[in-house]
Amino acid sequence: MTNPGRKPVIAGNWKMHKTKQEAKQLASAVVNAVKGQSDLPQIVLCPTFTGLETVLAETAGSPVEVGAQNMDWREQGAFTGEISPPMLVDLGVKYVIIGHSERRQFFGETNQSVNQKLQAAIKHHLIPIVCVGETLDERENNLTDAVIARQIAAALIDLTAEQIKGILIAYEPVWAIGTGKVCEATEANRVAKLIRKTVANLHNMPDLADSIPILYGGSVKPSNIEEQLEQSDLDGALVGGASLNAEEFLALITATQKKLRLAPTKS
Ligand code: PGA
């Protein structure tokens, strides 16, 4: 966290978990624990579509924001089963995860649809959390850097520097998601630097690349978050499994608060 302009983010991706009642309980545990606290990271809860309204109601008036896990890029139409950006905005949702590897792996998400969704999110003033990451096979074949650079460049096609400014990127190596195998913090930081370089090259604007929060995701736990937070180019975490349990998720927030309190203040 070297750039003081980048506020750290702890985002919980609940995936396909939690009924309405369970979502209410978890959201209220988070809200109650952070009430009146200072030096908080930006906290974002991403429940299922069916949990959005409940979590929005529970977090209203608190520093906790709400995100969706996916959306379609079109505004309306004959697209059975899909949810549009204006529908999310209408509910009061602020963030949206785009291009999560599970969407890429199981639901046919491509670099092109990621770009379409990203453009739609920006158009509707939703803050996108764009996910990129290599598979184990790609890593073992030394393709990590090429895959990440390609995913980033493809996701950001046709976006102006101004549009890129508001996005968040999550580096989530596919082999680390839900496996308990966390990517070494220094390696995640190396990839985060590569992401910044790729963004900088698109518009020849290193400052722009430096301003984008980059989260790490993949088996983040209270026991390993501190190392990630120590890294110069990582600004928090996108958390799956550990976000489903209030105690564990709150421990991630506390670790980030601690780090923020130790950070040198701007003079
Ligand atoms: P995990 O998931 O923390 O359970 O590995 C992270 C994610 O998929 O965003």
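Above this text sits the structure in question.
Residues numbered from 1 in each chain as written. Predicted model: local features only at pLDDT ≥ 70, side-chain atom pairs only at ≥ 80, totals over all residues. Heavy atoms only, no water.

## As for the pairing of strand β1 (residues 9-13)
Then, in step 1: In terms of residue burial, β1 counts as a mostly covered element, since five of its five residues are buried.
Then, in step 2: What you see with β1 is no split at all: Val9, Ala11 and Asn13 on one side and Ile10 and Gly12 on the other are buried throughout.
Then, in step 3: Direction of pairing for β1 relative to strand β2 (residues 42-46): parallel, over a ladder of five bridges. Residue Val9 lies in a different strand from β2, and its bridge partner there is Gln42.
Then, in step 4: The handedness of the β1 to β2 crossover, carried by helix α1 (residues 20-34), is right-handed.
Then, in step 5: Of the strand pairs in this sheet, β1 and strand β8 (residues 236-239) are connected by four bridges, and their pairing is parallel. Counterpart to Ala11 in the pairing with β8 is Leu238. (Buried < 20%, exposed > 50% of the residue type's maximum accessible area, 1.4 Å probe, protein only. Helix = DSSP H or I, 4+ residues; strand = E, 2+ residues; numbered from the N terminus. Pairing = 2+ DSSP bridges. Right-handed = clockwise from strand over helix to strand, strands pointing away.)

## Focus on the packing of α1 against helix α2 (residues 52-59)
Then, in step 1: In contact at an axis separation of 9 Å, α1 and α2 are set at 25 degrees when each is read in the N-to-C sense. Comparing their axes, α2 and α1 come out roughly parallel. Note that α1 runs across α2; the crossing there is right-handed. Contacts between α1 and α2 involve Lys20, Ala23, Lys24, Ala27, Ser28 and Val31 on the former and, on the latter, Thr54, Val55, Glu58 and Thr59.
Then, in step 2: Residues of the contact of α1 with α2, tallied by class, amount to four nonpolar, three polar and three charged. (Axes fitted to C-alpha atoms, helices over the stretch in contact; angles between N-to-C directions. Parallel < 35°, antiparallel > 145°, perpendicular 65-115°, else oblique. Left-handed = near helix turned anticlockwise from the far one by under 90°. Contact = heavy atoms within 4.5 Å. Nonpolar A, V, L, I, M, F, W, Y, C, P; charged D, E, K, R; others polar.)

## A look at the side chain of Ser84
Then, in step 1: By secondary structure assignment, the location of Ser84 is in the loop between β3 (64-68) and α3 (85-91).
Then, in step 2: Note on Ser84: relative accessible area 4%, which makes it buried.
Then, in step 3: Of note is the side chain of Ser84, whose polar atom sits 3.0 Å from the backbone oxygen of Glu75.
Then, in step 4: Among residues more than four places away in sequence, those in contact with Ser84 are Asp72, Arg74 and Glu75. (Polar contact = N/O pair within 3.5 Å; in protein donor to acceptor, adjacent residues only side chain to side chain.)

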